[in-house]
Amino acid sequence: MPRDFEEVEKHIEDMALEVVTLEEEDLLTLGRMMNSLEAVGNCSDRVEEPLFHALIKAIRNYLERLILAEEKDISPLEAGVLHLQGVFRSMSRGEPFEQDITPLLEKLGSSAPGKSGKNESTAAEGTGKSPENDTGEQARELTDEDREILHDFVSESLENLASIEVSLIDLEDNPENLDTMNAIFRPFHTIKGVSGFLNLGKINKLAHSAENLLNKARDGEITVEGDVVDLVLESVDVLKQMIKGVQEGLESNSLLDNGIDINPLLKKIDAFQSNSEKIAGKPLGQILIEDGVLDKEKLEKGLQEQGQKPGKKLGRILVEEGAAAPRKVVGALRRQKKFGGKKGIGLQVKVDTRKLDTLVDLTGELVIAQAMLRQNDRMFSHGNQDLYKILSQFNQITSTLQKTAMSLRMVSIRSTFQKMVRLVRDLSKHSGKQVTLTMEGEETEIDRNVVEELYEPMVHMIRNAVDHGIEDPETREANGKPAGGVVHLRAYHRGGNIVIEIADDGRGLDRDAILHKARASGLIGDDAIPGDADVYHMIFQPGFSTAKEVTEISGRGVGMDVVKKAIEKLKGRVEITSSPGKGCLFTIHLPLTLAIIEGMVVKVGKERYIIPALAILESFRPEKALYSTVEGKGEMVLVRGRLLPLIRLDRIVGAEGKNQNPWEALAVAVEHEGQQMCLLVDDLLGKEEVVIKSLGESLKHVEGIAGGAIMGDGRVGLILDMAGLFHIAREEYIMGPVRKPEPGAFGPVSTFSKGATTPPSNGTLMHQAVTEAGGFH
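Residue positions within a chain follow its written sequence, with the count starting from 1. Given that the model is predicted, a residue must reach a pLDDT of at least 70 before its local features are reported, and side-chain atom pairs must reach 80 or more before they are shown or counted; all residues, however, enter totals for whole chains, interfaces and linings. With hydrogens and water set aside, each side-chain value is computed from the structure's full complement of heavy atoms.

> Any chance you could break down the overall build of the protein for me, citing the residues and the numbers?
Only DSSP runs of H or I covering at least 4 residues are called helices, and only runs of E covering at least 2 are called strands; the numbering of each starts at the N terminus. Scanning the protein from terminus to terminus reveals 25 helices and 18 strands. Out of the 777 residues belonging to the protein, those deemed buried represent 44%. All accessibility values rest on the Shrake-Rupley procedure with a 1.4 Å probe; residue burial counts only the protein chains present in the view. Accessible surface computed for the protein: about 39,300 Å², of which carbon and sulfur atoms make up 49%. Classification of residues uses two cut-offs on accessible area relative to the type maximum, computed with a 1.4 Å probe and protein chains only: under 20% is buried, over 50% is exposed, and between them is partly exposed.

Below, the structure written as structure tokens:
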């Protein structure tokens, strides 16, 4: 074999090993596969086989879509790599590749080259007619009662088989749906029973075989994937043909058997089930030993190394040690995944949620203890290498345990979304409007505690969308819109947070009406010129409503302030965008869990504080030329062409900062409800995920503090609350309306001037919070 071909084979085997252990959204593995694929392409210039190059192109395109999260299903990628191996082996032997890969290329989003494989597959492969009829469908005299029963059997069976095809599509998308599995299983069971009673032997035999296959899938002994679905679909096709043969026999008064040979299909189903019985439940090492690839001594050595490196896969260890060929390991992994994956219908255990919460809390304590151990200088003073290895393994185990414990509290947001369907239906009926609710991303997972708190604010927002946002059918048609309005719910993950969007295609927010109401209510000065975000957020003020009349649904101004308080309680924020006549979009950003928060650890004086990452825009060192004091506004800093208030965090928290000159310190630009300011801190210590701890009843209402976190050295760091900080800054430093603010800048102006030394009154409370929490020593 030429050296180029050896390189190609090596890279293809590397891809095969990666793909069988690939999980969804595993960007590192996808990146390694892309590198291997590029290497294959670079080494195969002399390859003239068009199928080979077509597969490389199709796999590359699909890999790119997986990396960009445009696709989630990795099964076409697995099939693509498998066929790439097959094409390469055929080339190496100088033989043509006989299989048609056109369907696979279509799944990968590509098209076939000028020629395809020689053997075109059909939906009912192996269903040629047999010369003999030895299964009981012989010609016999039928009574009128027999004919009536057979006619009923034909019509009901064909109807049931049609329903199976629809359900199979749903099952392939969601293999763990027990209802869908049962909906497919029942028709086969019925056909088997009735056909046995009517002495239709071949129909009974095939239905029974397909039923056994589905029963294994239902019990989780085999994974519901392409091969299983193909076998069931093929069984449906053959059963349809045989049942139509019964129908033709009734009409022509001839044999009820049209001579279809079911033996090839039965053998395929039996072989599939035999493999599942051979592989099911067995670990990779045992499969390789039974295949004669590995001996027990090499397996034990591999398992010992895996024990020292728990994050590493056994298959990769065996290949790297040369204990097993990559091709053999890949084959065993594929069979294990297909027949021993236990991805069918898993067993579920009901657990008291209080036990889950206790587990999460204890895991959090373990993480803290592990961090304290890692930062203890005495642990490393002796230079013991074995201790380093043990601690590294402990870190990996702790991290995995924490992720597993947190995942136990994660639930789908589907149930909350589905409750809104009934709400929209009832609201539409009461308001006389035609409103449809559409949903996207219902499978997005979020902490159970967050889901429970999310229901009420979503109800208020959808009520407002239907009552105030969506116009009546006559108005919509007059404006060139469809008579029926749409409210769209969408959920997705972004940057370690969950984003929920509530959009409608109604009239949008009336900016002028909101601004007029705000001025009339004294919320803003008559000469103030706020930005759009500031105006839209006025609707979250208590009692604020622009509705001209109160309806049964809304209009009293008591809904949106509830939304704001609920979202802030969940450590989240709401953004509003609106387009007149086109609709409105509310975007809710929430942390995935209330137990852990991702934030930037900053230092002010001797103390550390955590700023939630969700609120941070950027961090920088202010240049002296960009710093200024403005009469009536206080300290300001120019950030990307905008003047933002500069708030000294040491004066808010009552600490003593080490840098009095802003250009010697660091600034963190933060945002809350469309308003922005810069917090002046002494130092940035890094980004961390910290376990949130309550500060107790006596300190829970201290403004500006969301909670505490035990840092790696055992001391307490306070988690800052952006809503409270903005309020403190507004009340303590900023007195009076903004005349002409920069877009997105703070809003009110400041009487604070450079050189002021009196800290705000809230600083004393914060200092007390740090002291009582054990922060000062």
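Next comes the rest of the description.
> Tell me about the pairing of strand β4 (residues 485-494), and please be specific about residues and values.
Across six bridges, the pairing between strand β2 (residues 435-440) and β4 is parallel. By the bridge assignment for β4, Glu 440 is matched with Arg 490. Where β4 meets strand β5 (residues 497-504), eight bridges bridge the pair, whose relative direction is antiparallel. Counterpart to Arg 490 in the pairing with β5 is Glu 501. Think of it this way: DSSP has to see at least two bridges between two strands before they count as a pair.

> How would you explain the sheet that holds strand β16 (residues 683-691) if you had to name every residue and give the values?
Sheets are built from strands paired through backbone hydrogen bonds, the pairs being either parallel or antiparallel. Taken in spatial order, the five strands of this open sheet run β16-β8-β9-β18-β17, and their pairing is mixed. Edge strands, defined here as strands with exactly one partner in the open sheet, are β16 and β17 (705-710). Adjacent strand axes in the sheet meet at a mean angle of 35° when their direction is disregarded. Across eight bridges, strand β8 (residues 596-604) lies against β16 in antiparallel orientation. Across the sheet, residue Glu 598 finds its bridge partner in β16, namely Glu 689. For helices, the axis comes from a line fit to the C-alpha atoms of the stretch in contact; other axes are also lines fit to C-alpha atoms, and the angle between any two N-to-C directions lies between 0 and 180 degrees.

> So what's going on with the side chain of Asp 561? Which residues, and what values?
Counting through the fold element by element, Asp 561 comes out in helix α22 (residues 560-569). Only four residue types enter the charge count, namely Lys and Arg as positive and Asp and Glu as negative; His and the chain termini do not. One speaks of a salt bridge when a side-chain nitrogen belonging to Lys or Arg is within 4 Å of a carboxyl oxygen belonging to Asp or Glu. One buried charge, Asp 561, has no salt-bridge partner; the nearest side chain with opposite charge is Lys 565, at 4.2 Å. Contacts are residue-level and defined by heavy atoms, with any inter-residue pair within 4.5 Å sufficient. Beyond its immediate chain neighbours, meaning those up to four positions away, Asp 561 contacts Phe 540, Gln 541 and Pro 542.

> Which residues make up helix α20 (residues 511-520), and what values go with them?
Since the α-helix advances by 3.6 residues per turn, residues separated by three or four positions end up pointing in the same direction. Listed in full, the buried residues belonging to α20 are Ile 514, Leu 515 and Ala 518. Each buried residue of α20 sits inside an arc of 95° when the element is viewed along its axis, so together they form one side. The outward face of α20, more than 90 degrees from its buried face, is lined by the exposed residues Asp 512, His 516 and Ala 520. Considering only its buried residues, α20 is in contact with α21 (532-536). The N-cap of α20, judged by a side-chain oxygen 3.3 Å from the amide nitrogen of Asp 512 a few residues on, is Asp 510. Gly 522 sits one or two residues past α20 and shows a positive phi near 80°. It is the directions from the helix axis to the C-beta atoms whose arc is reported. Under this definition, polar contacts are N or O atom pairs within 3.5 Å; protein pairs additionally need one hydrogen-donor-capable and one acceptor-capable atom, and for neighbouring residues in sequence, both atoms have to be side-chain atoms.

> Describe the packing of helix α3 (residues 50-67) against helix α4 (residues 75-93), listing the residues and the values that go with them.
Direction vectors running N to C along α3 and α4 enclose 160°, while the axes themselves pass 10 Å from each other. Between α3 and α4, the angle falls in the class roughly antiparallel. The element α3 and its partner α4 pack so that their crossing is left-handed. On α4, the residues that touch Phe 52, Leu 55, Ile 56, Ile 59, Tyr 62, Leu 63 and Leu 66 of α3 are Pro 76, Leu 77, Gly 80, Val 81, His 83, Leu 84, Val 87, Phe 88 and Met 91. By residue class, the composition of the contact of α3 with α4 is 14 nonpolar, two polar and no charged. For classification purposes, angles smaller than 35 degrees are called roughly parallel, those larger than 145 roughly antiparallel, those between 65 and 115 roughly perpendicular, and all remaining angles oblique. By convention the crossing between two helices is left-handed if the near helix lies anticlockwise of the far one by an angle smaller than a right angle, and right-handed if it lies clockwise. As a working rule, the residues Ala, Val, Leu, Ile, Met, Phe, Trp, Tyr, Cys and Pro are called nonpolar, Asp, Glu, Lys and Arg charged, and the rest polar, with Gly in that last group.

> Just give me the short version of the packing of helix α7 (residues 178-197) against helix α8 (residues 201-218), but keep the residues and values in it.
With their axes 8 Å apart at the nearest point, α7 and α8 run at an angle of 155° to one another. The angle between α7 and α8 places the two elements in the roughly antiparallel class. The interaxial crossing formed by α7 with α8 has left-handed handedness. Contacts between α7 and α8 involve Leu 178, Met 181, Asn 182, Ile 184, Phe 185, Phe 188, His 189, Ile 191, Lys 192, Ser 195 and Gly 196 from the former and Ile 203, Asn 204, Ala 207, His 208, Ala 210, Glu 211, Leu 214, Asn 215, Ala 217 and Arg 218 from the latter. Taken together, the residues of the contact of α7 with α8 break down into 11 nonpolar, seven polar and three charged.

> Mind laying out unusual backbone geometry, listing which residues take part and the relevant values?
One non-glycine residue, Arg 640, adopts positive backbone phi at about 50°. Its place among the elements puts Arg 640 in the loop between β12 (634-639) and β13 (642-648). We classify Arg 640 as exposed; its relative accessible area is 71%.

Treat this as a map of the structure, not an account of what it does.
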